[in-house]
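Working through the structure, step by step
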Amino acid sequence: MIEDKNQQRTALSQLGEFGLIDHLAKNFDIKQESTIKSIGDDAAVLEFDDKRVVVTTDFLVEGVHFDLSYMPLKHLGYKSVIVNLSDVYAMNAEATQVTVSIAVSNRFPLEAIEELYAGIQTACKLYNVDLVGGDTTSSTSGLIISVTAIGQVKKGDEVYRSGAKPNDLLVVTGDLGGAYLGLQVLEREKEVFKVNPNSQPDLDAYTYIIERQLKPEARKDIIKILQDLEVKPTSMIDISDGLSSEILHLCKHSKVGCDLYENKIPLDPQVISTCEEFNMDSTTVALNGGEDYELLMTISQEDFPKIKANPNVTVIGFITEENAGAHLVTRADQKIELTAQGWTSFKKD
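Cut-off values and rules
- Residues numbered from 1 in each chain as written.
- Predicted model: local features only at pLDDT ≥ 70, side-chain atom pairs only at ≥ 80, totals over all residues.
- Heavy atoms only, no water.
- Pairing = 2+ DSSP bridges.
- Helix = DSSP H or I, 4+ residues; strand = E, 2+ residues; numbered from the N terminus.
- Right-handed = clockwise from strand over helix to strand, strands pointing away.
- Axes fitted to C-alpha atoms, helices over the stretch in contact; angles between N-to-C directions.
- Parallel < 35°, antiparallel > 145°, perpendicular 65-115°, else oblique.
- Contact = heavy atoms within 4.5 Å.
- Buried < 20%, exposed > 50% of the residue type's maximum accessible area, 1.4 Å probe, protein only.
- Arc of directions from axis to C-beta.
- Polar contact = N/O pair within 3.5 Å; in protein donor to acceptor, adjacent residues only side chain to side chain.

With that settled, consider the pairing of strand β5 (residues 130–138). Bridge count for strand β4 (residues 94–104) against β5 is eight bridges, and the pairing is parallel. Residue Val 104 lies in a different strand from β5, and its bridge partner there is Ser 138. The handedness of the β4 to β5 crossover, carried by helix α3 (residues 110–127), is right-handed.

The next point concerns the packing of helix α5 (residues 207–214) against helix α8 (residues 269–278). Packing of α5 against α8 leaves a shortest axis separation of 8 Å and a crossing angle of 100°. Judged by the angle between their axes, α5 and α8 are roughly perpendicular. Facing α5, whose interface residues are Thr 207, Tyr 208 and Ile 209, α8 presents Gln 270, Val 271 and Thr 274.

For Glu 262, the location among the structural elements is in the loop between β9 (257–261) and α8. C-alpha separation for the pair Glu 262 and Pro 197, spaced 65 residues apart in sequence, amounts to 41 Å. Excluding residues within four positions of it along the chain, Glu 262 makes contact with Thr 283, Leu 328, Val 329, Thr 330 and Arg 331.

With that settled, the discussion passes to the pairing of strand β12 (residues 326–329). Of the two faces of β12, both are covered, the one formed by Ala 326 and Leu 328 as well as the one formed by His 327 and Val 329. Sheet topology places β9 next to β12; four bridges connect them, and they run parallel. Along β12, the bridge assignment pairs Tyr 261 with Val 329. Looking at chain direction, β12 and strand β13 (residues 335–337) are connected through three bridges and run antiparallel. Residue Leu 328 lies in a different strand from β13, and its bridge partner there is Ile 336. Counting the residues that bridge the hairpin from β12 to β13 gives five residues, and of these Asp 333 lies at a positive phi of roughly 65°.

Sheet architecture is open: seven strands sit in the order β8-β10-β7-β11-β9-β12-β13, paired in mixed fashion. Single-partner strands in this sheet number two, and they are β8 (235–238) and β13. Strand-to-strand twist of the sheet, defined as the mean angle between neighbouring strand axes without regard to direction, takes the value 25°. Together, β8 and β10 (295–299) form the strand contacts of helix α2 (residues 73–89), whose direction differs from that of β8 by roughly 175°. Running over the sheet, helix α6 (residues 220–229) touches β7 (169–173), β8 and β10 and is turned about 20° from β10.

Here we take up α8. Buried within α8 we find Gln 270, Val 271, Thr 274 and Cys 275. Down the axis, α8 shows its buried residues gathered within 135° of arc, on one side only. Structural note: α8 exposes Pro 269 and Glu 276 on the side pointing more than 90 degrees away from its buried face. Against the buried residues of α8 lie α4 (178–195), α5 and α9 (282–288). The N-terminus of α8 is capped by Asp 268, whose side-chain oxygen sits 2.8 Å from the backbone nitrogen of Gln 270. Looking one or two residues past α8, Asn 279 carries a phi angle of roughly 55°, positive in sign.

Written as structure tokens, this is what we have:
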């Protein structure tokens, strides 16, 4: 695609901080009755009756969590909201509000920030949440985004990481590994572009996995499905850092072990074919890739008949006693200790 070199560029200095906030906030409508006071005061005011409030915050940092050479700003805005909503749904809660804070360098004109917020607005609209505040400041190191998501859950319906019990079933939504492979494809095409800027990538064979990376979706639908099936998970977590890492989190907080079956891990055909192309092991990718934003949960065996025919969830193992440890049971029926090799925020030099 040929870039328009004559695009309008409005310097952020023309608006100032509060002018920018007013400009970006004007397109956001209030949809939640619990939003009493939105943007425009020192803090948002939310009102709940018999509900418990869930709050979660994530940072996205340019050069660490995203690369603007292939991440469109609108997609980035959308994704920044989604990754936070996923944490709310992992609590078995309904997401209701978000706040968005950005630190931005002067290389970004107003139009670029508008694109970012257009993605944020789309996510808010599709997931029925309100943007109720945030902050803006300058940055000397590119773009930094911090989103706080707020949700509500009826008292007694909240689900923690600490509730898994021996003999519970280990269940995952959707399929795994796609987002990581989408990133590998984008990184490869970036290197090709460096060598030949005139090359045009053919990404038709990778549409699903690239979408999983650039425009993930949070599993709001699963919360409704579980409610309709009258299934309350005993524990739950979202898969942001990789399946193995999240399983070990559940085991640690619940003081249990687990057996995860390799042949039960759900993989999309595009994931399998791309693994073959990149000479990667699909199990390793699913275990350690991260950014799938699916939900990992444990449920009581008594609830298995309620979920066994549902295409949105897959039973991939079961919970054991803590002293049994956490293991991957291979296709050859061998037990291998489960280790976390996915994303870590602070790596040793």
